[in-house]
Amino acid sequence: AKETGRARTVTYSPRDQGPPEHDISLEAAMFNAVREGEFQLYYQPIVDARNRTIEGFETLMRWKHPTLGMVPPGRFIPIAETNGLINLLGAWALKAACMQVRQFEEVAGRELYISVNISPRQFRNDKFLAVLDDALALSGTPGRQLVLEITEGTLMVDPLHAESVLARMAERGARIAIDDFGTGYSSLAYLKRFPISVLKVDRAFVKDLPQAAKDAAICGAVLDLARHLDLSVVAEGVETEEQLAFLDNLGCQYIQGYLTGKPMPAHVALAALKEDLYT
Ligand code: C2E
Ligand code: CA
Ligand code: CA
Ligand code: CA
């Protein structure tokens, strides 16, 4: 099926006028970057709030451009989403991440999971389930060790289609996480309708803790909701000990943030896992 892409806003700036904005030259550079292998995956630990043991990693894409340096995903993912390159990049990330987790757990000597971001367009793509099956089969990673992070928006575009895709993901044992939970424009009804396992509380609700009373109330309410629905919660963007202690007191079991580990290349993650063995 042919996808209907959203209208593009592109500005045509000549290449020699400094770094390109979100424009046609960055888009052209992306196709080249795929050929040149400039995309890499970083991994950020997701830890148990109590003892800080690494439970899994979130896979985060990085683009190291030879002259522009690090192009942040907030810059290139939206372009890839518009031109469809996200399907190629996303399939690569899913396969590579499923392979990588095998090495992580070999070093750790215990089961770990890998969390992978799935963009709305990737989720809607006809070949997505085939890509998922390939990733699991090629890596030998059991579905239960894979978490797929999607946003509320991804579910809302076409709920009927989402329902069938999620059911088939669940058949494979993969868990579904709602990324940036609470920041979308959706109702809570989807928590009842879809087989969701994890809520990722957005950094927007975490960054001003423990002082911000409203954020504290929201985090508390999300954790209560999750407890009653038997969902696990990962708090994102935890940067301070005070935030971790506060979230732990509210009953938040999992933490992800600079405090307990920045996104890092695989070899650094492997070193962190070795260290984890002796602490
Ligand atoms: P996200 O999925 O919400 O990822 C979390 C973002 O928060 C990451 O930014 C991570 O580096 C950042 N972060 C983690 N801990 C902290 C913290 O303690 N403080 C602060 N200030 N930030 C923290 P990043 O890597 O720049 O990625 C941005 C977004 O790009 C991601 O947001 C995700 O939406 C998208 N993205 C990244 N990789 C992929 C990918 O492979 N596929 C897709 N579809 N999207 C991706
Ligand atoms: Ca995410
Ligand atoms: Ca997030
Ligand atoms: Ca986010």
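Structure first, text after, so check above.
Structure report, in brief. What you are looking at is a predicted structure, and each value in this text was computed from that prediction instead of being measured.

Next up on the list: the pairing of strand 6 (residues 175-181). Burial runs high along strand 6: five of the seven residues are buried. Two elements, strand 5 (residues 146-151) and strand 6, share five bridges in a ladder whose sense is parallel. Note on strand 6: the bridge partner recorded for Ile150 is Ile178. Looking at chain direction, strand 6 and strand 7 (residues 198-201) are connected through three bridges and run parallel. Bridged to Phe181 within strand 7 is Val201.

A few words now on the coordination of the calcium ion (ligand 2). Bound to the calcium ion (ligand 2) are the protein donor atoms Glu58 (OE), Asn117 (OD1), Glu149 (OE) and Asp179 (OD), situated 2.1 to 2.4 Å from the metal. Sequence positions of the residues that donate to the calcium ion (ligand 2) give the spacing E-x58-N-x31-E-x29-D. Between the two metals, the calcium ion (ligand 2) and the calcium ion (ligand 3), the spacing is 3.8 Å, and Asp179 donates to both. In this pair, Glu58 is assigned in strand 2 (residues 54-65) and Asn117 in strand 4 (residues 113-117), connecting sequence segments 59 residues apart. Glu58 gets classed as buried once you look at its relative accessible area, which sits at 3%. Given the relative accessible area of 28%, Asn117 is considered partly exposed.

Looking now at the site of ligand 1. By nearness alone, 19 residues border ligand 1, and Gln44, Met61, Arg62, Glu239 and Tyr258 come closest of all. Here an oxygen atom of ligand 1 sits 3.2 Å away from a polar atom, N or O, in the side chain of Asp180. Protein coverage of the free-state accessible area of ligand 1, which is 800 Å², stands at 79%. Placement of ligand 1 is best described as lying within the largest pocket. Taken together, the elements giving at least two residues each to the shell around ligand 1 come down to strand 2, helix 2 (73-83) and strand 6. Ranked by residues supplied to the shell around ligand 1, first place goes to strand 2 with four residues. Classifying every residue of the shell around ligand 1 gives seven nonpolar, five polar and seven charged.

Another point: the environment of Ser232. Looking at where Ser232 falls in the secondary structure, it is placed in strand 8 (residues 232-236). According to the relative accessible area criterion, Ser232 is partly exposed, its value standing at 22%. Through-space distance from the C-alpha of Ser232 to that of Cys252 is 8.3 Å; in sequence the pair is 20 residues apart. Sequence-distant contacts of Ser232, defined by excluding residues within four places in its chain, comprise Ser197, Val198, Leu199 and Tyr254.

Turning our eyes to something else, we now look at the packing of helix 3 (residues 85-108) against helix 5 (residues 128-139). Put simply, helix 3 and helix 5 touch, their axes get as near as 9 Å, and they point 25° apart. On the basis of the axis angle, helix 3 is roughly parallel to helix 5. Both helix 3 and helix 5 take part in a crossing whose hand is right-handed. Contacts between helix 3 and helix 5 involve Ala91, Leu94, Lys95, Cys98, Met99 and Arg102 on the former and, on the latter, Phe128, Val131, Leu132, Asp134, Ala135, Leu136, Leu138 and Ser139. Among the residues making up the contact of helix 3 with helix 5, the classes are represented as ten nonpolar, one polar and three charged.

Quick notes on the rules
Residues numbered from 1 in each chain as written. Chains lettered and ligands numbered in written order. Predicted model: local features only at pLDDT ≥ 70, side-chain atom pairs only at ≥ 80, totals over all residues. Heavy atoms only, no water. Buried < 20%, exposed > 50% of the residue type's maximum accessible area, 1.4 Å probe, protein only. Helix = DSSP H or I, 4+ residues; strand = E, 2+ residues; numbered from the N terminus. Pairing = 2+ DSSP bridges. Donors = N, O, S within 2.8 Å, 3.2 Å for Na, K, Ca; no water. Near = heavy atom within 4 Å. Polar contact = N/O pair within 3.5 Å; in protein donor to acceptor, adjacent residues only side chain to side chain. Areas by Shrake-Rupley, 256 points an atom, 1.4 Å probe, with all protein chains shown as cover. 1 Å grid on protein atoms, 1.4 Å probe; cavity = no way out; pocket = protein on both sides within 12 Å on 5 of 7 lines; lining within 4 Å. Sits in = over half its atoms within 2 Å of the grid points. Nonpolar A, V, L, I, M, F, W, Y, C, P; charged D, E, K, R; others polar. Contact = heavy atoms within 4.5 Å. Axes fitted to C-alpha atoms, helices over the stretch in contact; angles between N-to-C directions. Parallel < 35°, antiparallel > 145°, perpendicular 65-115°, else oblique. Left-handed = near helix turned anticlockwise from the far one by under 90°.

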